[in-house]
Amino acid sequence: DAGVIQSPRHEVTEMGQEVTLRCKPISGHDYLFWYRQTMMRGLELLIYFNNNVPIDDSGMPEDRFSAKMPNASFSTLKIQPSEPRDSAVYFCASSLSTGVRAPLHFGNGTRLTVT
Amino acid sequence: AQSVTQPDIHITVSEGASLELRCNYSYGATPYLFWYVQSPGQGLQLLLRYFSGDTLVQGIKGFEAEFKRSQSSFNLRKPSVHWSDAAEYFCAVGAANFGNEKLTFGTGTRLTIIP
């Protein structure tokens, strides 16, 4: 079990550029979550998927953010255009089909810096 | 809506001393409750969880937590801390109904261990 794999670990970009964060969940996990962590707001849920279908995207800050899960082994979170206030650590997590009862398995995160 | 409050932003304890981290939740029904730990540069890892039954739950690394419905609390305890316990600890609450699989996290408590 390789765990949840996120790439890149660090991303530094200029304001206005497009940023794509990537996540490979644990094989067999039906749920995938994207979280954002900042000092000011803590850990916020952005969106989650069940069987590749977006279930709740109410945490996505605005239209600049989009997430996709084209198959069970890959998801992306895209920010276009990026802004300095998007600077944060973005985590991907996956869990088994027992829903909220199942432990979340987190990746090591992507630290995004927008200058 | 569910919410979690962790009143202590930062706690410092001596190695070998006992530890209690506070967590209060708000939820209209019986909640699912969790404690996660985050080491620097890492994702979150599940310590323990409560669904129902015995209100005292045991977790990994010698941690335990007690669910007190009357106080809406789920405090984390450890009788004797080790230097390796230095990390950030997050309490989380989840809804016990299908179709709402997201967790709401508290803002975290940073634990520092002094020799």
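Residues numbered from 1 in each chain as written. Chains lettered and ligands numbered in written order. Predicted model: local features only at pLDDT ≥ 70, side-chain atom pairs only at ≥ 80, totals over all residues. Heavy atoms only, no water.

## Comments concerning the overall build of chain A
Helices and strands together make up the secondary structure of chain A, namely zero helices and eleven strands. Secondary structure elements of chain A occur, N-terminal to C-terminal, as β-β-β-β-β-β-β-β-β-β-β. Relative to the 2.2 N^0.38 estimate, which gives 13 Å for 115 residues, the radius of gyration of chain A is 13 Å and therefore close to what a compact globule would have. Each principal axis of the C-alpha distribution contributes one length, and for chain A these read about 40 × 30 × 25 Å. Classification of the 115 residues of chain A by burial places 49% in the buried group. If you take every contact in chain A between residues at least 6 apart in sequence, the share linking residues at least 24 apart comes to 54%. About 5600 Å² of surface is accessible on chain A, with carbon and sulfur atoms providing 49% of the total. Within chain A, one finds 11 positive and 12 negative side-chain charges whose respective centroids are separated by 4 Å. (Helix = DSSP H or I, 4+ residues; strand = E, 2+ residues; numbered from the N terminus. Rg over C-alpha atoms; globule rule 2.2 N^0.38 Å. Buried < 20%, exposed > 50% of the residue type's maximum accessible area, 1.4 Å probe, protein only. Contact = heavy atoms within 4.5 Å. Areas by Shrake-Rupley, 256 points an atom, 1.4 Å probe, with all protein chains shown as cover. Lys, Arg positive; Asp, Glu negative; His and termini not counted. Charge placed at Lys NZ, Arg CZ, Asp CG, Glu CD.)

## Points about the side chain of Ser95 of chain A
Within the secondary structure, Ser95 of chain A is located in strand E9 (residues 88–95). If we skip the residues at most four places from it in the chain, Ser95 of chain A touches His29, Asp30, Tyr31, Phe33, Ala102, Pro103 and Leu104 of chain A.

## A look at the layout of surface pockets
If you add up the space inside the largest pocket, you get close to 690 Å³. Lining the largest pocket are 29 residues, and of these Gln37 and Met39 of chain A together with Gln38, Glu88 and Arg110 of chain B sit closest to its centre. Looking at the lining of the largest pocket, the elements with two or more residues in it are strand E4 (31–38), E9 and strand E11 (110–114) of chain A together with strand E10 (87–94) of chain B. When residues of the lining of the largest pocket are assigned to their parent elements, the largest contribution, four residues, is made by E11 of chain A. Every residue lining the second largest pocket is listed: Leu43, Glu44, Leu45, Leu46, Ile47, Asp56, Ser58 and Gly59 of chain A together with Lys102, Leu103, Thr104 and Phe105 of chain B. When contributions to the lining of the second largest pocket are tallied by element, the ones reaching two or more residues are strand E5 (42–50) of chain A together with strand E11 (103–105) of chain B. Ranked by residues supplied to the lining of the second largest pocket, first place goes to E5 of chain A with five residues. In terms of residue class, the lining of the second largest pocket is made up of six nonpolar, three polar and three charged. (1 Å grid on protein atoms, 1.4 Å probe; cavity = no way out; pocket = protein on both sides within 12 Å on 5 of 7 lines; lining within 4 Å. Points joined across faces, edges and corners; volume = space filled by probe spheres on them. Nonpolar A, V, L, I, M, F, W, Y, C, P; charged D, E, K, R; others polar.)

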